[in-house]
There are 2 protein chains.
Amino acid sequence: MWEGRRLEELPTPAFTVDLGVATRNAQRMRERCQALGVALRPHMKTHKTLEGGRLMTGGSLRGIVVSTLAEARHFADGGFDDILYAYPLPFDKVADCASLAEKLEAFQVMVDSPQALEQLKGRPLLTGRPWKVWLKIDCDNGRAGVKPSDPAALQLAQAISKGVTELAGIYAHCGNSYGCQGVSEIQSVAQRTTEFTLKFMEQLREAGVPCPKSSIGSTPSCSHPVPTMGELSEVHPGNYIFYDVQQTLIGSCQPEDVAVRVWTRVIGHYPDRNQLLVDCGWTGLSLHSLGQLPTGFALVDGHPDLKLVGMTQEHGKIEPMTGELDFARFPLGSLLALIPYHACATAAMHPVFFVHSGGCVVETWRPVRGW
Amino acid sequence: MWEGRRLEELPTPAFTVDLGVATRNAQRMRERCQALGVALRPHMKTHKTLEGGRLMTGGSLRGIVVSTLAEARHFADGGFDDILYAYPLPFDKVADCASLAEKLEAFQVMVDSPQALEQLKGRPLLTGRPWKVWLKIDCDNGRAGVKPSDPAALQLAQAISKGVTELAGIYAHCGNSYGCQGVSEIQSVAQRTTEFTLKFMEQLREAGVPCPKSSIGSTPSCSHPVPTMGELSEVHPGNYIFYDVQQTLIGSCQPEDVAVRVWTRVIGHYPDRNQLLVDCGWTGLSLHSLGQLPTGFALVDGHPDLKLVGMTQEHGKIEPMTGELDFARFPLGSLLALIPYHACATAAMHPVFFVHSGGCVVETWRPVRGW
C-alpha cells in the first residue's frame, strides 16, 4: 500500500528506515567480523523483523540471538534457525522452549543458575537430543550471569555438560560499554570482557568441559573490536543495524550511520510561548533520552537550532535553542524528522517501519511484539 | 485461550486489569458526572480497547474521545459513534477524517488555527452535512489551543460556524492538573479551567455564535470536580478507568483504585550486589517514572521494602530499600506484581491485557496501536 510513495506522503508519526544505510551498517559489521576471524550472530531485539534479520545474516537466516520467546517463535516461523534465546531461562517458558528445540535444528537457551538448569533437566527433549545450553557469565556488566571468577561458574558449566543438556557456549554481554565515551573507553571494556571470557574458556579446557563456543557483544564493542576478540568464536551485537543518537554519543558510529527517523508534522504554532507542536509524543518516540540531550528528547534532523523540550502521549513541543522561532520556516502541516536517542526503544513503539531508498518507500516491515 | 486461567499461570511480563476495580472506577465516574449534571465523554487513549470503551460508556457505545485516527477507526468499526477526535487536526489526515464523518452519525474533529479550519473548508463532506468542529482553547495548560482571552479565539469560533463547518463545542484539557498535589490544588485548576471555558461560552453567546457544547477534562479534575463544572455540558477524563501510581500521588485516587499491574517473574538472584532480576524491562513497563519514585520505576505490590532500581529492554533490577535482601522470600520463578507509574504508558507497551476477576482471567482485551 505504501510502496512507491514518497516519505513526505506518509501519515505521521512514521518510523522510517533508510535501507541503504541499514544495509551498509549490516555489511560493515559482517566485514568487520570476517576480518577479525569471528562469526557474527546478530541480535534481533532492535528491529524484531524478518527483513532486518535477513539483512543482518546476509540472507543466510542462520545464527541469530533473540531477547524474547515471541521473537524466537516469529523468526522460527519465518524460516530462521540456529536461534539463541539469550535470556535467563524464565521458568514459565520451558515448555515453549522445548517445542522450539524439538522443531528447529538448533534452538538454544541460556542459564545462569542451577535452578534454571534443573528446569531443563526435568524436561528432556522428545527428540532424544540434548538441550543446547549457553552459560551466561557476568564480566563486570552487573546484570545477569555468574561471575567467571566464582567457582559456581565452573560447577554450573560442568553440570550443564552432563545428561540431557550440553554446554553449547559461554555468553557475555558488555552492556557496560554503554557507559563509555569514545573508542578508547569502548575498547577497554571490550578487551576486559574478552579476557574474562577467554580465561574462563581456558578454565573449561583445563577442567575437561567441552564448550564449542564463546560469544561477547554489544554494539559499541563490536563497532570498535579489539584484536583479541578474534579468539572468541562469535559476537552478538544488535543495535548497529539502525544505530541512534546514543550510539553516536558513545562513539560507536558517525551521525550519517543512523538509519532511522521518526517523521512528524507540525500541528500548532504558539508564538506567545515561542513553541510549535508536532504530532509525535512518547507513543511515537519513547521517553528514552529522558529529555537530557542538549536538544531535548531527540535531534531534529537538519535543525540543530531546535529543541524537543517536552512530550505527552501524542504531542511534542519544539522550541528554538535560543532566540525567537521563525514560524514561517515551519508552516502547519510541514514535516520534521526526529533522530531517535535509542532506536530499540523507538522501534518498539511502532507497528510498522517504512523502509525507504532515496526517500521513496520500498518495503514495510512489521515487528513482532510481546513475549 | 487464557480465560479461566489463574494470573499465576500467565506468561510474564503480563499486563493485568482487575475488572472489578475498573468497573467500579467507570461507574463512580458516571455517578459523579450524573450528580454534577454533566455528560461524561470518556477518553479512550489509556486503554484503546472496545471492551474498555463499553465499560466507560456504560454500554451505550456513544460519546467518546480519541487521541489518534487509528483509535477513531477502531471504535467506529466496533460500533461506537459520537466520536470526538480531540487532536489538533493533522493535515495529512483530513481525507480519512472526512470518510469517518461521512460514515458515522457524529464524527467530530478539533482545530485551534484558521489554517486547520481551511483544510476542512476545502473538503466539504459528501453527505452535505457540515463538519462538526470543536475549538480547542488553552486555559493555562500550555499545549494546544487558542487562549480564550485572545481575540483570535472568538474570530476562529465565528469562522467555524459558517459554511461547511459548524461549531460543535469548546474543548479544554486541564493537563496542568498533573502538576498538582492533593484535592485542593486539583480543584483550583479545575475551577480556573471551568471559569475560562464558561466565560468564553458567554462571549460566544454575546457574539451570537451558536455553540451547543463545552467540555473540560483530565482525570485529576474529574475525580474531584468543582460544582461549577456542572455548568459545562460535558467532561472528558480517561486515565481513571485504570488509575496508577501517578494519579495516587496527585491525589486523584486511593491506592486500592489502581486496577492494573504488570506481573513479572524472578529470573535471577545476585547476592553479591544484593539484587534480583525480574523478566520485566522497559518493554513491559515503560520508563515513565524516570526511576524517580522512592521505590524506583514502579511500586512492587505488597512489598514496600523493594525498589525497582533499573531497567533495560527485558530486565528489571530489584533491590531492598535498605539492608540485605532475603532471597528465600523470592525464589527463582516466583511472581511479583508491579504497579505502574503511568498506566497509559504501560498499557501502550502490551499487545494484550489480561482482565481478571478475583485473580482468574475472564477476558483478554487487545488495544489498537498506531496512528
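Residues numbered from 1 in each chain as written. Chains lettered and ligands numbered in written order. Predicted model: local features only at pLDDT ≥ 70, side-chain atom pairs only at ≥ 80, totals over all residues. Heavy atoms only, no water.

Looking at an unreviewed UniProt entry, one finds chain A named D-serine dehydratase, with Laticauda laticaudata as its source organism. Comment text from UniProt for chain A, heading Catalytic activity (unreviewed entry), reads "D-serine = pyruvate + NH4(+)". Quoted verbatim from the Sequence similarities (unreviewed entry) field of UniProt, the annotation for chain A is "Belongs to the DSD1 family." (UniProt positions renumbered as here; feature names shortened; annotations may be inferred.)

Caption draft 1: Structural detail: the UniProt feature "domain: D-serine dehydratase-like" (unreviewed entry) in chain A. What UniProt calls "domain: D-serine dehydratase-like" (unreviewed entry) maps, in this numbering, to residues 259–357 of chain A. Here residues 259–357 of chain A runs as 9% helix and 40% strand, with 11 Å between its end C-alpha atoms. (Helix = DSSP H or I, 4+ residues; strand = E, 2+ residues; numbered from the N terminus.)

Caption draft 2: Highlighting the interface of chain B and chain A. Counting from both sides, the interface comprises 55 residues of chain B and, opposite them, 55 residues of chain A. Of the roughly 4600 Å² buried between chain B and chain A on both sides combined, carbon and sulfur atoms contribute 59%. Considering only the surface of chain B that becomes buried against chain A, B:Arg143, B:Arg369 and B:Trp371 emerge as the three largest contributors, covering 18% of it. On inspection of chain B and its partner chain A, the count reaches 8 salt bridges. Its salt-bridge partner being B:Asp272, residue A:Lys147 comes within 3.9 Å of it at the nearest N-O pair. At the junction of chain B with chain A, the criterion picks out 26 residue pairs in polar contact (both at pLDDT 80 or more). Tallied by class, the residues present in the side of chain B that touches chain A amount to 22 nonpolar, 18 polar and 15 charged. (Contact = heavy atoms within 4.5 Å. Buried area = accessible area lost by both parts, 1.4 Å probe. Salt bridge = Lys/Arg side-chain N within 4 Å of Asp/Glu carboxyl O. Polar contact = N/O pair within 3.5 Å; in protein donor to acceptor, adjacent residues only side chain to side chain. Nonpolar A, V, L, I, M, F, W, Y, C, P; charged D, E, K, R; others polar.)

Caption draft 3: Fine view of the packing of helix α5 (residues 114–121) of chain A against helix α6 (residues 151–160) of chain A. All names here are of chain A. For the pair α5 and α6, the least separation of the axes is 11 Å and the interaxial angle reads 5°. With respect to each other, α5 and α6 are oriented roughly parallel. Touching Pro 114, Leu 117 and Lys 121 of α5 are Leu 156, Ala 159 and Ile 160, all from α6. For the contact of α5 with α6, the residue count by class is 5 nonpolar, no polar and 1 charged. (Axes fitted to C-alpha atoms, helices over the stretch in contact; angles between N-to-C directions. Parallel < 35°, antiparallel > 145°, perpendicular 65-115°, else oblique.)

Caption draft 4: Representation of the pattern of salt bridges. Scanning the model with the defined rule gives 42 salt bridges over all chains in all. Ionic pairing is found between B:Asp92 and A:Arg265, a salt bridge with its closest N-O pair at 3.3 Å. Of this pair, B:Asp92 sits in the loop between β4 (81–88) and α4 (94–103) while A:Arg265 sits in strand β10 (residues 260–270), placing the two residues on different chains. A relative accessible area of 22% places B:Asp92 in the partly exposed class. Taken together, the shared-partner salt bridges in this structure form one network comprising A:Arg24, A:Arg28 and A:Asp257. (Buried < 20%, exposed > 50% of the residue type's maximum accessible area, 1.4 Å probe, protein only.)

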